[in-house]
Structures are given as C-alpha cells and as structure tokens.
Amino acid sequence: MGESSQSSLLLRKQLSELNKNPVEGFSAGLIDDVDIYKWEVLIIGPPETLYEGGFFKAHLFFPKEYPLRPPKMKFITEIWHPNIDKNGDVCISILHEPGDDKWGYEKASERWLPVHTVETILISVISMLADPNDESPANVDAAKEWRENFPEFKKKVAKCIRRSQEE
Amino acid sequence: MGNCLSHFCSAMGNCLKGSASDDVSLLRGGDGTRESLSSDQIHSSEIFHQQLSESNVPEYYPSPNVRRPLNQLTEEEQIKIAKRMGLIQHLPSGVFDESAKPRECVICMIDFVPGDRVRYMPCMHVYHVKCIDDWLMRSFTCPSCMEPVDVALFLTYETSGHR
C-alpha cells in the first residue's frame with residue numbers, strides 16, 4: 001500500500017530535481033518513462049583519473065521499499081574496475097544493507113542509509129572510479145592487475161574508454 | 001546458534017524467561033489487548049503491523065535484509081524484534097509545530113507540516129514517525145549521523161539519572 005506510493009513519490013521528486021538542477025559528472029533519466037523504479041544514468045569519467053574521457057551508461061533498479069532498501073546498480077557500458085564485476089554490477093558498501101556484510105569488511109556507517117539519493121549514490125560511484133577499494137573487489141582480476149600490473153590495468157581501462165566513446 | 005542461545009538462557013535464568021514471554025506477547029498483541037493501550041501505543045503498533053504478507057500475517061525483519069512473517073520467526077528473533085519495538089517506543093515523539101528547526105524529513109524529502117507526527121532521536125535529529133520507525137526496525141541507527149540509537153539511549157538514561 002503506502003510503501004510503493006512513498007517510494008515512487010520520492011523518486012519522482014528526485015528526477016524532477018535532477019532535471020531542474022543537473023549535477024556535474026552525470027546525467028540521469030528513466031529507462032522507460034512509465035517505470036519510475038528503473039533509471040538510466042550516464043556517468044562522465046571523472047577528470048584527472050584513468051577514466052577521464054569515458055562515457056559510462058549504467059542502470060539503477062530501485063525496490064518498492066526504497067528508501068528503506070538500496071537500489072542495485074549495473075554498468076551497461078563495459079568497464080574495467082576492481083569494484084565492478086564482469087557483468088557490470090557495482091559492489092560498493094553504501095549499496096549494501098546494514099547487517100548484510102558477510103565478510104565483515106564494512107562498518108555499519110558505510111552501508112546503506114535511507115537518506116541516500118540518486119545524487120549521493122552517483123557521487124559515491126564517481127569517487128569509487130577515482131579511488132578503487134581493493135579490499136573487497138568484485139572483479140578480482142582487475143583488483144590484482146591494479147595492484148600488481150598497473151600498466152596493463154591502465155591499458156584495459158583505456159580500451160574501455162575508447163569503446164565508450166564509440167557507443 | 002542453538003547452543004549459544006541456550007547457554008545465554010541458562011546464564012540469565014528465570015529473569016530472561018519472564019521477560020521473554022512478555023516480549024513475545026507484545027509482538028502478538030493488538031487483537032484483544034488494544035483497548036488497554038494508550039493512543040500513542042496504538043499508533044505505533046499500527047505502524048509495525050502495516051506490512052502484512054498475503055496470508056495477512058505481519059512481517060518483520062529479524063535482520064535488515066531478511067523479511068519473514070511472524071509465524072516463521074524463531075523465538076530468539078521474536079525477542080529481538082519485541083525489544084527493538086519497545087526501545088523505539090521509548091524514543092520521544094510529538095507533533096510538528098512551525099517553531100521547530102528542521103523543515104524537511106530527510107527520509108521522504110517532504111517538508112514537515114504542522115500536525116505531522118515526528119520522532120526526536122537522542123542525537124536530536126527529527127523524522128516523520130512513519131519514516132523513521134520502519135527504518136529503525138531494520139537498523140537501529142540514525143540515518144543522518146549514523147549514531148547507534150541504543151547506545152545513545154543508554155547514555156541519555158545515565159545522564160538523566162545523575163541530574
């Protein structure tokens with residue numbers, strides 16, 4: 001009942017706010033205009049990082065229980081990063097529910113909170129691009145390469161950026 | 001887990017047994033005992049019961065990402081949830097009036113209007129009762145400052161005791 005109307009109201013509010021006052025670094029809209037729970041965002045590779053020059057498309061899937069539960073985020077554009085798995089699924093602590101941490105890596109304060117919005121999530125994701133966390137990698141090969149063979153890591157990222165520009 | 005709980009029970013002896021049965025009846029309350037509750041308690045218990053499964057059994061969160069109907073909760077989980085509900089009801093609540101400082105509930109991003117039922121956290125953050133109580137049932141932290149509410153509650157009891 002109230003749950004879904006509250007979440008759709010909150011998401012609509014954020015969408016119109018982002019349309020009115022766009023935030024630097026990304027643009028946001030819906031995948032399909034009739035479904036407020038499925039967003040498409042375009043992230044601009046943050047300047048002065050390896051990802052500079054790239055344009056990365058990603059989808060956000062919100063549950064009806066938002067903001068009590070976090071959305072899932074998936075990169076559609078191919079991207080090589082320690083915290084994004086090979087299917088594009090983003091693995092960062094703020095998208096994990098409290099108490100959800102099987103391995104004990106994350107403090108409760110770093111996990112999902114109902115005050116997070118599309119904007120705060122994307123700001124975290126953009127900072128993750130700039131500064132990977134190799135303690136709990138979603139892409140183990142990328143994390144290993146980032147630590148042990150940085151030139152090769154850079155090369156793979158550069159390839160993703162070129163491809164993202166062609167899309 | 002079983003051993004651990006029974007160890008805990010034997011350590012606590014009768015004390016836990018007594019409180020456990022009270023707490024469990026608190027979870028099940030709401031059918032026959034409503035008349036004896038104050039209006040504030042009735043309001044809160046309505047919030048806790050608003051999520052019903054298809055079979056009309058209230059659902060709870062033994063941990064933040066696990067949602068289960070009441071009849072599938074272990075006794076241990078029921079006790080944990082009942083204690084949480086009790087603690088939430090100890091948090092002061094009131095009706096928003098215009099002189100209050102915060103304008104917006106940061107959970108639903110809607111401005112408070114006079115007459116809204118709001119809850120005051122020990123850290124002084126304010127939310128709509130319906131927004132924060134649902135969150136507190138999942139995670140007992142303030143979403144704005146991430147302060148664990150139980151710790152803050154005990155600290156306020158301690159300081160008020162010394163007054």
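Residues numbered from 1 in each chain as written. Chains lettered and ligands numbered in written order. Predicted model: local features only at pLDDT ≥ 70, side-chain atom pairs only at ≥ 80, totals over all residues. Heavy atoms only, no water.

Looking now at the overall build of chain A. The number of helices and strands found in chain A is four helices and four strands. Scored against the burial criterion, the 167 residues of chain A give a buried share of 46%. A fraction of 53% describes how many contacts in chain A between residues 6 or more apart in sequence connect residues 24 or more apart. As displayed, chain A has an accessible area near 8800 Å², and 51% of this comes from carbon and sulfur atoms. (Helix = DSSP H or I, 4+ residues; strand = E, 2+ residues; numbered from the N terminus. Buried < 20%, exposed > 50% of the residue type's maximum accessible area, 1.4 Å probe, protein only. Contact = heavy atoms within 4.5 Å. Areas by Shrake-Rupley, 256 points an atom, 1.4 Å probe, with all protein chains shown as cover.)

Our focus in this paragraph is the UniProt feature "active site" (unreviewed entry) in chain A. All names here are of chain A. As recorded in UniProt, the feature "active site" (unreviewed entry) lies at C91. Mapped onto the elements, C91 comes out in the loop between β4 (72-75) and α2 (118-130). Aside from chain neighbours lying at most four places away, what touches C91 is N83, H96 and A138. (UniProt positions renumbered as here; feature names shortened; annotations may be inferred.)

Attention now moves to the pattern of salt bridges. Following the criterion strictly, the structure yields 14 salt bridges over all chains and no others. Close ionic contact of E145 of chain A with K156 of chain A constitutes a salt bridge, the shortest N to O distance being 2.8 Å. In this pair, E145 of chain A sits in helix α3 (residues 140-148) while K156 of chain A sits in helix α4 (residues 150-166), placing the two residues eleven residues apart along the sequence. A relative accessible area of 28% places K156 of chain A in the partly exposed class. When salt bridges with common partners are traced through the structure, they connect E65, R69 and E97 of chain A together with E59 and R67 of chain B into a single cluster. (Salt bridge = Lys/Arg side-chain N within 4 Å of Asp/Glu carboxyl O.)

Counting residues at the interface gives 21 residues for chain A and 19 residues for chain B. Taking both sides of the interface into account, the surface hidden between chain A and chain B amounts to around 1800 Å²; carbon and sulfur atoms contribute 65%. For the pair chain A and chain B, the number of links is one salt bridge. Between R67 of chain B and E65 of chain A there is a salt bridge, with its nearest N and O atoms 3.4 Å apart. (Buried area = accessible area lost by both parts, 1.4 Å probe.)

Time to look at the environment of V57 of chain B. You can see V57 of chain B is positioned in the loop between α3 (39-48) and β1 (59-63). Each C-alpha atom, one on V57 of chain B and one on N71 of chain B, is 7.5 Å from the other, the two residues being 14 residues apart in sequence.

Within a sheet, each strand pairs with its neighbour through backbone hydrogen bonds, oriented either parallel or antiparallel. Residue and element names in this part refer to chain A. A sheet is described by the order of its strands in space; here four strands give the open sequence β1-β2-β3-β4, paired in antiparallel fashion. Across the chains shown, the open sheet's two edge strands, defined by having one partner strand only, are β1 (26-30) and β4. With strand direction ignored, the average angle separating the axes of adjacent strands in the sheet is 25°. Examined bridge by bridge, strand β3 (residues 55-61) and β4 share four bridges and lie antiparallel to one another. Each residue of the ladder has a partner; that of A58, found in β4, is F75. Of the strands in this sheet, β1, β2 (38-44), β3 and β4 are in contact with α2, which crosses β2 at around 40°. (Pairing = 2+ DSSP bridges. Axes fitted to C-alpha atoms, helices over the stretch in contact; angles between N-to-C directions.)

We now examine the sheet that holds strand β3 (residues 93-95) of chain B. All names here are of chain B. A sheet is described by the order of its strands in space; here three strands give the open sequence β3-β6-β7, paired in antiparallel fashion. Where the open sheet ends on each side, the last strands, each with one partner, are β3 and β7 (126-128). Direction aside, the axes of adjacent strands within the sheet are offset by 35° on average. Pairing analysis gives three bridges linking β3 to strand β6 (residues 117-120), with the strands arranged antiparallel. In the sheet register, V95 faces β6, and the bridge partner there is R117.

Attention now moves to the packing of α3 of chain A against α4 of chain A. All names here are of chain A. Across the interface, α3 lies against α4 with an axial gap of 6 Å and an inter-helix angle of 125°. Here α3 lies oblique to α4, going by the angle between them. Residues A142, E145, W146 and E148 of α3 form the contact with α4, whose own contacting residues are F150, E152, F153 and K156. Here the contact of α3 with α4 is built from residues that sort into four nonpolar, no polar and four charged. (Parallel < 35°, antiparallel > 145°, perpendicular 65-115°, else oblique. Nonpolar A, V, L, I, M, F, W, Y, C, P; charged D, E, K, R; others polar.)

Further remarks concern the packing of aromatic side chains. Applying the stated criterion across every chain, the model contains seven aromatic pairs over all chains. Between F56 of chain A and F75 of chain A the ring centres are 6.4 Å apart and the planes differ by 75°, which places this aromatic pair in the edge-to-face class. One end of the pair, F56 of chain A, is in strand β3; the other, F75 of chain A, is in strand β4, with 19 residues separating them in the sequence. Each member of the pair, F56 of chain A together with F75 of chain A, is buried. For the pair F150 of chain A and F153 of chain A, a centre-to-centre distance of 6.0 Å together with 15° between the ring planes defines the contact as stacked. Taken as a pair, F150 of chain A and F153 of chain A lie in helix α4 at a separation of three residues, close to a single helical turn. Of the aromatic side chains, those joined through ring pairs into one cluster are W39, F62, Y66 and W112 of chain A. The aromatic ring of Y37 of chain A is capped on one face by K64 of chain A, whose charged end is 4.3 Å from the ring centroid. Across the ring face of Y61 of chain B, the terminal group of R138 of chain B is positioned such that the distance to the ring centre comes to 3.9 Å. (Phe/Tyr/Trp six-rings, centres within 6.5 Å; stacked < 30°, edge-to-face > 60°. Lys NZ or Arg CZ within 6 Å of the ring centre and 35° of its normal.)

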